[in-house]
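Listed here are the chains, written in short residue letters.
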Amino acid sequence: MEEKPVKMCSRCNEKPTISPTSPFCASCMNKVRWEKAGSKDMKVSKDRPKKTQPRPDLEVIVSFKRYPEVLAQIRALSEEEMRPLDVEIIFILKCHLKVERGSDAVV
Ligand SMILES: [Zn+2]
């Protein structure tokens, strides 16, 4: 009576199943669940192409009505550097943020 009939996991074949009705052990059960969830997510992202739906939280509309001279300066720079205006703005912001971070590091 020492040996009970133990069903082994049909996936890894190393551990006993969590219940007589389940084909998998506990860890494989989790893996199977994750795989199912993963494949579901992939299908959803396939159905929705990313490029056609811009994320509104990544776009800012900036008005230079009150600061026309700032826009004129950026436009002059963008023409000088041969960059599109929006790229020039990002470039300036990046430079500015880098400098700020750099000065923080010194202090
Ligand atoms: Zn297993």
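Residues numbered from 1 in each chain as written. Predicted model: local features only at pLDDT ≥ 70, side-chain atom pairs only at ≥ 80, totals over all residues.

As for the overall build of the protein
Selection criterion: Here a strand is any run of E in DSSP of at least two residues, a helix any run of H or I of at least four, and the numbering for each starts at the N terminus. What counts as a contact is two residues whose backbone-derived C-beta atoms lie within 7 Å of each other.
Each helix and strand counted, the protein has three helices and zero strands in total. Listing every helix and strand of the protein by position from the N terminus yields α-α-α. Long-range contacts, defined as pairs at least 24 residues apart, comprise 0% of the intrachain contacts of the protein with a sequence gap of at least 6.

Quick look at unusual backbone geometry
To keep it simple, the criterion reads: Working definition of burial: number of other C-beta atoms within 10 Å of the residue's own, with buried at 20 or more, exposed at 12 or fewer, and partly exposed in between, all C-beta atoms being placed from the backbone.
Unlike most non-glycine residues, Asn13 shows phi in positive territory, near 60 degrees. By secondary structure assignment, the location of Asn13 is in the segment before α1 (26–47). Accessibility expressed as a C-beta count within 10 Å gives 9 for Asn13, which makes it exposed. Non-glycine residue Met82 carries a positive phi angle of around 60 degrees.

So, helix α2 (residues 68–81)
Put simply, the rule reads: In this analysis, the expected span of each helix is defined as 1.5 Å times one less than the number of residues it contains.
The terminal C-alpha atoms of α2, which comprises 14 residues, lie 20 Å apart, in line with the 20 Å expected from a rise of 1.5 Å per residue. Burial analysis of α2 places just zero of its 14 residues in the buried class, a small minority of the element. At the C-terminal side of α2, Met82 shows a positive phi close to 60 degrees.

Things to note about the environment of Phe64
Considering the arrangement of structural elements, one finds Phe64 in the loop between α1 and α2. The class of Phe64 is exposed, set by 12 C-beta atoms lying within 10 Å. Once residues within four sequence positions are removed from consideration, Phe64 is found in contact with Val70 and Leu71.

Quick notes on the environment of Cys9
Secondary-structure assignment places Cys9 in the segment before α1. Put simply, Cys9 and Phe24 are 15 residues apart on the chain and 4.5 Å apart in space, counted from C-alpha to C-alpha.

Re the confidence of the model for the protein
Do not read the fine detail of predicted coordinates wherever pLDDT is low. Operational definition: The score called pLDDT rates the predictor's confidence residue by residue, from a low of 0 to a high of 100.
Summarising the model, the protein shows a mean pLDDT of 82, and 76% of its residues fall at 70 or more. Confidence, expressed as mean pLDDT per element, reaches its minimum in the protein at α1 with 75 and its maximum at α2 with 95.

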